[in-house]
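Structural characterization, general
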Amino acid sequence: MAVKREMKNETVQKGFSVADLILVAILLAAGAVLKYFVGSLLNVAGMKPNFIIAMYCLAILLIRPKVPQAAVIGLISGVICQFAPGTPFINIGSELVGAVVMVLLMKLPLQLGKVNIRPVVCTFLATLSSGFAFIGLQYLMLAAGLDVTATPVLAFLPVIFGTALINSIIVQVLYLPLRYAVKKD
């Protein structure tokens, strides 16, 4: 007696889809342009806000990666930051921290009535974590005897909080239209 076999077309997606990769690339490119041009206009005592953070936060909100995938987005973002003037290699670590914090914060239920405040809250906190990781890494490199000029923490705080505020507003404003444009639930 022959038993009919059925083949199920089950595909388990591992990693990023092509559409996700394109979205991340476009957003990080936009962040790099904003960082270079707009950041130069907002230069405060030699420190510029980092709009790449806003764009990777937006990408993470839209594609909802797992922690390892978010870490890859953070590492790529940090490498992109190396093309702008600044302390070498620190952004690689700080953007890794910011991206991982972002994806972990997204697990929190952040609703204010019917309003989703996840974009603004998560982006603000992820930007702060990236900024404080940046300062921490500067001081670790200085303590290790590397030739690094560490920014005084009090001088850097307005840049960190100002960037967090700007990034959270940018992401909150762009999130809904982009979510509908890329048809993410």
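Note that the coordinates shown come from a computational prediction; the quantities given were computed from them, not determined experimentally.

All right, on to the overall build of the protein then. Helix and strand counts for the protein come out as 6 helices and 2 strands. Start at the N end of the protein and walk to the C end: the helices and strands fall as α-α-α-α-β-β-α-α. The buried share of the protein, reckoned over its 185 residues, is 40%. Of the contacts made within the protein by residues no fewer than 6 positions apart, 68% connect residues no fewer than 24 positions apart. Summed over all atoms, the accessible surface of the protein reaches about 10,800 Å², with 71% contributed by carbon and sulfur.

With that out of the way, let us pick up a nonpolar patch on the surface. Residues Val33, Tyr36, Phe37 and Val38 make up a contiguous nonpolar surface patch of about 380 Å² in total accessible area. Relative to the elements of secondary structure, valine 38 occurs in helix 1 (residues 18-41). For valine 38, a relative accessible area of 31% puts it in the partly exposed group.

This brings us to the packing of helix 5 (residues 118-143) against helix 6 (residues 153-181). For the pair helix 5 and helix 6, interaxial distance at closest approach is 8 Å and the crossing angle is 150 degrees. Here helix 5 is positioned roughly antiparallel relative to helix 6, judged by the angle of their axes. In this structure, helix 5 crosses over helix 6, and the sense of that crossing is right-handed. Split into classes, the residues belonging to the contact of helix 5 with helix 6 amount to 17 nonpolar, 7 polar and no charged.

With that out of the way, let us pick up the packing of aromatic side chains. In this structure the tally under the stated criterion is 3 aromatic pairs. Considering the side-chain rings of phenylalanine 132 and phenylalanine 161, the 6.2 Å spacing of their centres and the 75 degrees angle between planes classify their relative orientation as edge-to-face. Pair noted here: phenylalanine 132 is in helix 5 and phenylalanine 161 is in helix 6, with a separation of 29 residues, a long-range link. Taken together through their ring pairs, the aromatic side chains of Phe124, Phe132 and Phe161 make up a single cluster.

Before going further, it helps to spend a moment on the packing of helix 2 (residues 51-63) against helix 5. Here helix 2 crosses helix 5 at 135 degrees, and the two axes come no closer than 10 Å. As judged from the angle between their axes, helix 2 and helix 5 are oblique. Pair helix 2 / helix 5 crosses with right-handed handedness. Contacts between helix 2 and helix 5 involve Ile53, Tyr56, Cys57 and Leu61 from the first element and Arg118, Pro119, Thr123, Ala126, Thr127 and Ser130 from the second.

Turning our eyes to something else, we now look at the confidence of the model for the protein. Residues of the protein with pLDDT of at least 70 account for 85%, and the chain-wide mean is 85. Considering each helix and strand of the protein separately, the mean pLDDT is smallest for strand 1 (residues 111-112), with a value of 81, and largest for helix 4 (residues 90-105), with 95.

A few words now on the environment of isoleucine 73. Among the structural elements, isoleucine 73 can be located in helix 3 (residues 67-81). Residue isoleucine 73 is classed as buried on the basis of its relative accessible area of 2%. Taking the C-alpha atoms as reference points, isoleucine 73 and leucine 21, separated by 52 residues in sequence, lie 9.7 Å from one another. Sequence-distant contacts of isoleucine 73, defined by excluding residues within four places in its chain, comprise Phe16, Val24, Tyr56, Ile60, Ile63 and Pro65.

Let us now look at helix 2. Its 13 residues place the ends of helix 2 19 Å apart at the C-alpha level, agreeing with the 18 Å of an ideal helix rising 1.5 Å per residue. Within helix 2, 13 of the 13 residues are buried, which leaves it mostly tucked inside the rest of the structure. The N-cap residue of helix 2 is asparagine 50: its side-chain oxygen and the backbone nitrogen of isoleucine 52 are 2.9 Å apart.

Turning to the nonpolar core, a few remarks are in order. The biggest cluster of nonpolar side chains holds 29 residues, and the ones touching the most others in it are Leu27, Tyr56, Cys57, Leu58, Ile60 and Met102. Going through the elements one at a time, helix 1, helix 2, helix 3, helix 4, helix 5 and helix 6 are the ones with two or more residues in this core. Here the element with the most residues in this core is helix 2; it accounts for 12 residues. Residues within four places of methionine 102 in sequence aside, it is in contact with Cys57, Ile60, Leu61, Cys122, Thr123 and Ala126. Core analysis: the next-biggest nonpolar cluster, separate from the first, contains 10 residues, Leu128, Met141, Phe156 and Val159 among them.

Criteria and thresholds
Residues numbered from 1 in each chain as written. Predicted model: local features only at pLDDT ≥ 70, side-chain atom pairs only at ≥ 80, totals over all residues. Heavy atoms only, no water. Helix = DSSP H or I, 4+ residues; strand = E, 2+ residues; numbered from the N terminus. Buried < 20%, exposed > 50% of the residue type's maximum accessible area, 1.4 Å probe, protein only. Contact = heavy atoms within 4.5 Å. Areas by Shrake-Rupley, 256 points an atom, 1.4 Å probe, with all protein chains shown as cover. Patch = residues over 30% accessible without salt bridge, like charges linked within 9 Å, V, L, I, M, F, W, Y side chains within 5 Å. Salt bridge = Lys/Arg side-chain N within 4 Å of Asp/Glu carboxyl O. Axes fitted to C-alpha atoms, helices over the stretch in contact; angles between N-to-C directions. Parallel < 35°, antiparallel > 145°, perpendicular 65-115°, else oblique. Left-handed = near helix turned anticlockwise from the far one by under 90°. Nonpolar A, V, L, I, M, F, W, Y, C, P; charged D, E, K, R; others polar. Phe/Tyr/Trp six-rings, centres within 6.5 Å; stacked < 30°, edge-to-face > 60°. pLDDT = per-residue confidence, 0-100. Expected span 1.5 Å × (residues − 1). Polar contact = N/O pair within 3.5 Å; in protein donor to acceptor, adjacent residues only side chain to side chain. Core = buried A, V, L, I, M, F, W, Y, C linked by side-chain atoms within 4.5 Å.

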